[in-house]
Amino acid sequence: MEAFKFSIHFLHGFIALLTCIVLLPMILSTTLSNTFAKHLQRNLIYLLILNILWNVLAFIEQLPRVYISDEIRYTIYILGVLCWVQYGYAIFRVVYGMAGENLRPIWRKVRIFLNIWNFIGVIFCLITGFAGKFYTGIVSTWYGFTAANSVLANIAILIFLIIPVFFSAIISYQQMHTTHAEKIFRSIFVSQMSAIIAGFIMDAILPALGLFIYGESASIFLFIITLFLYRANTILARTGIDMPKSLKHVIQELDEGILILNSKGKIELSNRAACKLFGVGEKALLQKSITQFIPDITVLGPMNNIPIYLKNNSVSATITITPLTSNGILYGYKALLRDLRKNNDMQQRFSRLQAEFNDERDSIRLRIVNLQQLYQQQQIFLNSLLNNLPSRLWAKNLKGAYTQQNNKDIAVRGNIKSHIEDPIFTPQEAQAMESPGKTVVQNETTIDENGKKHWEKHTVVPLYDEAFRIKGVLGLIEDTTDFHALEEERNQLRENLVKASTFEDMSNVAGGLAHDFNNLLAGIIGYRDLAEATLPKSEDCARTKKYLGNMQKSLTNATELIKRTYDQLKERQDDQKNVAVNFNVGLVFDEVRNALSATLPDNIQILKNATDDMIAFGNQTDFHRIMLNMGKNAIFAMKQGGTLTYGCHEVEVTEQIVTQFSTIPVGKYLYVSVMDTGVGMAPDVVKHIFTPYFTTRAPGQGMGIGLAVAMRLIKAAGAYLNLETTIGKGTKFILYWPIAKKMGGIS
């Protein structure tokens with residue numbers, strides 16, 4: 001393939017390449033600029049991209065036949081149609097956006113129509129182009145290749161390119177007479193009309209007659225329109241034709257009359273003060289010439305305090321007119337109207353304000369004196385309050401120096417104001433300063449020289465200045481010895497009450513046992529007496545009578561034993577703490593499982609979910625009884641079979657838990673659970689399960705004291721109970737048992 005050489009035949013391709021080079025900086029500056037209004041920026045970028053794409057395709061289609069075939073060249077021409085068929089629509093969008101709010105309402109309907117019209121044009125050109133009905137062929141001319149238009153192509157140019165450009169020209173013509181950017185829209189209008197006429201003649205009519213003077217001239221004329229639009233948008237971006245709404249609001253609130261005129265002297269904006277001077281509404285002023293209301297003004301130009309007389313409202317005023325220009329463009333005038341009647345009013349108002357100011361100044365001085373006296377009284381009150389507090393109070397600044405002490409603290413530590421300790425801040429003080437808004441509280445105990453224990457509550461809070469910046473710390477030391485003494489006394493009384501309740505429960509349980517066992521003994525004694533009475537009086541039965549006599553003595557001893565046991569339980573004080581030790585929970589679970597397995601049905605399984613290192617503190621025998629009683633109840637609830645699971649793990653309660661049976665305080669516990677998969681319990685049953693002699697079993701299957709005994713033992717051990725149950729799914733007893741203590745051995 002030979003090297004490419006430039007010739008006059010490649011003129012249009014060279015022009016297309018130069019056009020792209022010119023357009024690239026323009027689209028970059030438009031994209032990166034922050035001075036354009038958003039809608040103007042989008043429309044202009046859309047126009048520039050279409051022009052660049054069109055010229056890139058024009059450059060490719062002008063390459064010699066050694067590089068591309070006529071079939072490919074024809075396809076590129078069709079793709080170029082997709083660019084220029086939207087070009088008129090893009091020009092319309094740019095001009096429409098520049099006109100902004102000054103457009104008449106009909107143009108909004110035209111814009112909607114052209115949106116649809118542009119889409120129809122794209123579809124039309126695609127269908128006719130690839131069907132071979134848009135161009136009749138490729139013609140080689142002196143300036144390069146060109147496509148011969150068909151009748152459909154000329155129609156498409158007319159209705160899809162020229163019509164939108166013609167509409168935009170109409171908008172430009174209207175804006176020449178209604179806005180202050182007259183020069184800008186005049187230049188756009190001239191470029192549009194010139195391009196429409198010359199481009200259509202040279203690119204459509206003459207080629208249709210076989211005269212290819214320069215058949216691709218439309219791209220050049222449209223490029224010229226693009227240059228004019230780019231220049232106009234750039235000027236408008238720097239000029240700022242549209243007045244911000246905030247500025248309009250400020251103008252409306254001014255006391256002096258303000259009129260904004262366009263370059264023709266027509267009123268574009270009027271504030272309320274101006275309307276009041278003219279005695280008309282704002283609508284009556286807008287788009288009217290100022291000479292209509294002020295005949296004395298014959299020529300628009302700079303004026304300064306020119307006296308005028310407004311006949312409509314019989315008002316004497318002065319007017320000051322200032323030209324409004326930007327970037328060398330005169331886009332209007334500002335007229336300032338002052339009502340001469342207000343001068344006297346202003347003087348009278350000034351005198352009145354001066355008198356009011358003097359009165360207010362004297363009043364402020366008096367309030368300052370009163371505030372100073374109030375401040376002194378508050379200082380005396382505050383000092384009296386601080387010095388008579390029952391607690392010690394002090395304060396430090398950021399350097400660690402003491403700035404305040406009350407008398408109680410001085411009595412203990414002496415006067416240490418301005419003194420700096422080492423370390424400067426205690427850990428509690430440092431913590432309060434590092435955590436703004438946090439109050440640090442710590443309880444400390446001391447032993448005096450007489451061996452008496454004292455409790456103190458140390459409270460530290462950060463101090464702030466007016467800007468809410470930390471400026472130091474405030475400390476409060478409260479002697480809580482009396483409070484803790486009362487607390488210990490109250491705890492002792494509570495413990496005594498629990499013991500008394502425990503003894504009462506034991507008495508109830510023992511009474512029930514004695515009653516039931518006495519009933520059994522009564523039957524046994526009765527049957528023994530019957531047996532003795534029915535024996536024959538012979539020597540062969542002498543031995544049997546002897547056995548029955550021994551049996552009578554044993555039954556009598558049993559009856560007396562139950563009576564003595566019951567009497568002793570009433571007088572005995574069972575101190576559980578004396579027998580509390582550390583014991584292994586897992587070993588107790590194993591013992592309970594072995595005890596239950598002897599009578600366990602085949603359809604029930606017992607599982608242990610606990611490691612062998614779970615150590616609890618308490619009475620191991622009582623814990624064994626609790627687990628055994630709860631296990632028996634669980635087995636009874638699983639008549640259709642199921643699983644009984646004993647579980648244990650450590651848990652830390654961070655917030656107080658309130659249950660139906662106890663209130664669980666914060667602390668570390670062993671979480672002991674007895675869970676079955678039985679029938680569950682109804683709420684009415686749950687309320688009474690720990691009541692002595694309450695049972696849901698059939699007569700003869702239980703006395704209802706197992707869980708009552710378990711609850712008594714739980715309370716005696718200092719443990720806490722919770723219960724979870726679901727009808728049809730099972731029940732779970734939960735114990736929060738004391739964790740192992742360092743003292744004492746492991747059972």
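Residues numbered from 1 in each chain as written. Predicted model: local features only at pLDDT ≥ 70, side-chain atom pairs only at ≥ 80, totals over all residues. Heavy atoms only, no water.

Chemist: What is the right way to read the sheet that holds strand E20 (residues 720-726) from this model?
Modeler: Where strands meet in a sheet, backbone hydrogen bonds hold them as pairs that are either parallel or antiparallel. In space, the 5 strands of this open sheet follow the order E14-E16-E19-E21-E20, with mixed pairing throughout. The sheet is open, and its two edges are formed by strand E14 (604-609) and E20, each paired on a single side. Neighbour-to-neighbour, the strand axes of the sheet open up by a mean angle of 15°, direction not taken into account. Running over the sheet, helix H17 (residues 620-637) touches E14, strand E16 (642-653), strand E19 (667-676), E20 and strand E21 (730-738) and is turned about 170° from E21. (Pairing = 2+ DSSP bridges. Helix = DSSP H or I, 4+ residues; strand = E, 2+ residues; numbered from the N terminus. Axes fitted to C-alpha atoms, helices over the stretch in contact; angles between N-to-C directions. Contact = heavy atoms within 4.5 Å.)

Chemist: Would you mind going over the pattern of salt bridges with me for this structure?
Modeler: Pairing of side chains with opposite charge becomes possible as their charged atoms draw close. Counted according to the given criterion, the structure contains 12 salt bridges. Residue Asp-465 is joined to Arg-469 by a salt bridge in which the shortest nitrogen-to-oxygen separation is 3.2 Å. A salt bridge links Asp-590 to Lys-608, with the nearest nitrogen and oxygen atoms 3.3 Å apart. Of the two residues, Asp-590 sits in helix H16 (residues 585-597) while Lys-608 sits in strand E14, which places them 18 residues apart along the sequence. Look at Lys-608 and you get partly exposed, because its relative accessible area is 27%. (Salt bridge = Lys/Arg side-chain N within 4 Å of Asp/Glu carboxyl O. Buried < 20%, exposed > 50% of the residue type's maximum accessible area, 1.4 Å probe, protein only.)

Chemist: For this particular structure, what's the right way to read the nonpolar core?
Modeler: As a rule of thumb, soluble globular proteins bury nonpolar side chains together. In terms of nonpolar packing, the biggest core is built from 65 residues, with Trp-84, Ile-91, Met-98, Phe-134, Tyr-135 and Leu-229 touching the most fellow members. Listing elements by their share of this core, those giving two or more residues are helix H1 (11-32), helix H2 (38-61), helix H3 (70-99), helix H4 (106-130), strand E2 (144-149), helix H5 (151-178), helix H6 (182-208) and helix H7 (217-239). Among the elements that line this core, the one with the most residues is H3, at 19 residues. (Core = buried A, V, L, I, M, F, W, Y, C linked by side-chain atoms within 4.5 Å.)

Chemist: Sorry if this is basic, but what is going on with helix H13 (residues 427-434) here?
Modeler: Turning to H13, its buried residues are Gln-428, Glu-429, Ala-432 and Met-433. Mapping the buried residues of H13 onto a view down its axis gives an arc of 135°, with all of them on the same face. Exposed side chains of H13 directed beyond 90 degrees from the buried face belong to Pro-427 and Glu-434. Buried residues along H13 sit in contact with strand E8 (392-397), strand E10 (440-447), strand E11 (453-464) and strand E12 (470-479). (Arc of directions from axis to C-beta.)

Chemist: What am I meant to see in the pairing of strand E15 (residues 615-618) here?
Modeler: Working note: regular strand, side chains alternate between the two faces of the sheet. Burial along E15 is two-sided: the residues Ile-615 and Phe-617 and Ala-616 and Gly-618 are all buried. Pairing of strand E13 (residues 581-584) with E15, which is carried by 4 bridges, proceeds in the antiparallel orientation. Paired with Asn-582 across the two strands is Phe-617, which belongs to E15.

Chemist: In this structure, what is going on with the confidence of the model for the protein chain? I would like to understand it.
Modeler: The predicted structure's coordinates, where accompanied by low pLDDT, should not be read in detail. With 83% of its residues at a pLDDT of 70 or more, the protein chain has an overall mean of 79. Below a pLDDT of 50 lies the segment residues 1-6, which in the model reaches 8 contacts outside its immediate sequence neighbourhood of four places, other chains included. (pLDDT = per-residue confidence, 0-100.)

Chemist: Would you mind going over the side chain of Ser-391 with me for this structure?
Modeler: Tracing the chain through its elements places Ser-391 in the loop between helix H11 (341-387) and E8. Residue Ser-391 is classed as buried on the basis of its relative accessible area of 9%. If we ignore the near neighbours within four places in the chain, the residues touching Ser-391 are Asn-406, Lys-408, Leu-476, Ile-477 and Glu-478.

Chemist: For this particular structure, what's the right way to read the packing of aromatic side chains?
Modeler: For the structure on display, the rule yields 18 aromatic pairs. Here Phe-92 and Trp-107 contribute two aromatic rings whose centre-to-centre distance is 6.5 Å and whose plane-to-plane angle is 45°, an arrangement assigned as tilted. Here Phe-92, found in helix H3, pairs with Trp-107, found in helix H4; they are 15 residues apart in sequence, far enough to count as distant. Accessibility expressed as a relative area gives 0% for Phe-92, which makes it buried. Measuring from centroid to centroid gives 4.9 Å for Phe-623 and Trp-737, while their planes differ by 75°, and the two rings are edge-to-face. Highlighted residues: Phe-623 in helix H17 and Trp-737 in strand E21, separated in sequence by 114 residues. Taken as a pair, Phe-623 and Trp-737 share a single burial class, namely buried. (Phe/Tyr/Trp six-rings, centres within 6.5 Å; stacked < 30°, edge-to-face > 60°.)

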